Amino acid sequence: GAGVSQSPSNKVTEKGKDVELRCDPISGHTALYWYRQRLGQGLEFLIYFQGNSAPDKSGLPSDRFSAERTGESVSTLTIQRTQQEDSAVYLCASRLGAEYQPQHFGDGTRLSIL
Amino acid sequence: DQQVKQNSPSLSVQEGRISILNCDYTNSMFDYFLWYKKYPAEGPTFLISISSIKDKNEDGRFTVFLNKSAKHLSLHIVPSQPGDSAVYFCAASARSNYQLIWGAGTKLIIKP
């Protein structure tokens, strides 16, 4: 399809393990965002990529979180040594690089830390 | 400090009537406003947006109104349909900043 694709859709893992989440943005979208949504809460910004510019990592909650993006394609969000408080839905969004363009979201990865 | 506020956690409306969802903001630098709809287990879906040069934008059953002096925007859905039952998020950004600032959401329930 033509939308933002995220995988896996669900991930259950043990505390202390590393996890990697993947996002395939809409083709041609130069901007890519990662968000976290904890149960009953709003969207929490994590990181932003725009083309080949340095990413804005200001929303990453700790150094256990990192993300990469190659050019204007796939992005991966990695959480090392997972903790129970990392349990959340992780959402990826992409948008065209021009001003006043909406972000378009994938369906997220539901991460559960046991 | 919440820069974007949706003060109603939930709203119940009869099918066929108008649904009005409200959003207030505090940052006068915001110049782009968006509404998203979210179903359970899905990502937010973009509905409609408005830039600060306008006070109204319409798309089918959805109309967004912007009152800059009051720092208030609203989403009107007419007529409301059962499929409109979802959580609605308001978001805002400033031209100089690529980040969207999100409200906490309003759960809309359309009663048959």
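Just so we're clear, the structure is a prediction, and the values are computed from it rather than from any experiment. (Residues numbered from 1 in each chain as written. Chains lettered and ligands numbered in written order. Predicted model: local features only at pLDDT ≥ 70, side-chain atom pairs only at ≥ 80, totals over all residues. Heavy atoms only, no water.)

**Details of the overall build of chain B**
- Counting its secondary structure elements, chain B contains zero helices and eleven strands.
- Counting from the amino terminus, chain B carries its helices and strands in the arrangement β-β-β-β-β-β-β-β-β-β-β.
- Taken over the C-alpha trace, chain B has a radius of gyration of 13 Å; the compact-globule value for 112 residues is 13 Å, and the two agree within 12%.
- When its C-alpha atoms are laid out on the principal axes, chain B stretches across 45 × 30 × 20 Å.
- Sequence separation of 24 or more characterises 53% of the internal contacts of chain B that already satisfy a separation of 6 or more.
- For chain B, the accessible surface area stands at approximately 5500 Å², while carbon and sulfur atoms represent 49% of it.
- Within chain B, the 9 negative side-chain charges are centred at a point lying 2 Å from the centre of the 12 positive side-chain charges. (Helix = DSSP H or I, 4+ residues; strand = E, 2+ residues; numbered from the N terminus. Rg over C-alpha atoms; globule rule 2.2 N^0.38 Å. Contact = heavy atoms within 4.5 Å. Areas by Shrake-Rupley, 256 points an atom, 1.4 Å probe, with all protein chains shown as cover. Lys, Arg positive; Asp, Glu negative; His and termini not counted. Charge placed at Lys NZ, Arg CZ, Asp CG, Glu CD.)

**What about the pairing of strand E3 (residues 19–24) of chain A?**
All names here are of chain A.
- The alternating pattern of E3 places Val19, Leu21 and Cys23 on a buried face and Glu20, Arg22 and Asp24 on a face that is not buried.
- Here strand E1 (residues 5–7) pairs with E3 via three bridges, running antiparallel. By the bridge assignment, serine 7 is partnered in E3 with arginine 22.
- The sheet contact formed by E3 and strand E7 (residues 75–79) spans five bridges and is antiparallel. Directly across from cysteine 23, in E7, lies its bridge partner serine 75. (Buried < 20%, exposed > 50% of the residue type's maximum accessible area, 1.4 Å probe, protein only. Pairing = 2+ DSSP bridges.)

**Some points on the nonpolar core**
- The biggest cluster of nonpolar side chains holds 24 residues, and the ones touching the most others in it are B:Phe33, B:Trp35, B:Leu73, B:Leu75 and B:Tyr88.
- When contributions to this core are tallied by element, the ones reaching two or more residues are strand E3 (19–25), strand E4 (32–38), strand E5 (45–51), strand E7 (62–67), strand E8 (72–77), strand E9 (86–93) and strand E11 (106–111) of chain B.
- Top element by residues in this core is E9(B). It accounts for four residues.
- Apart from residues lying up to four places away in sequence, B:Tyr88 is in contact with B:Gln6, B:Leu21, B:Trp35, B:Tyr36, B:Lys37, B:Leu47, B:Leu75, B:Ile77, B:Gly105, B:Thr106 and B:Leu108.
- Counting 20 residues, the second-largest nonpolar core is a separate cluster that includes A:Val4, A:Val19, A:Leu21 and A:Ile79. (Core = buried A, V, L, I, M, F, W, Y, C linked by side-chain atoms within 4.5 Å.)

This is a description of form; function is not addressed.
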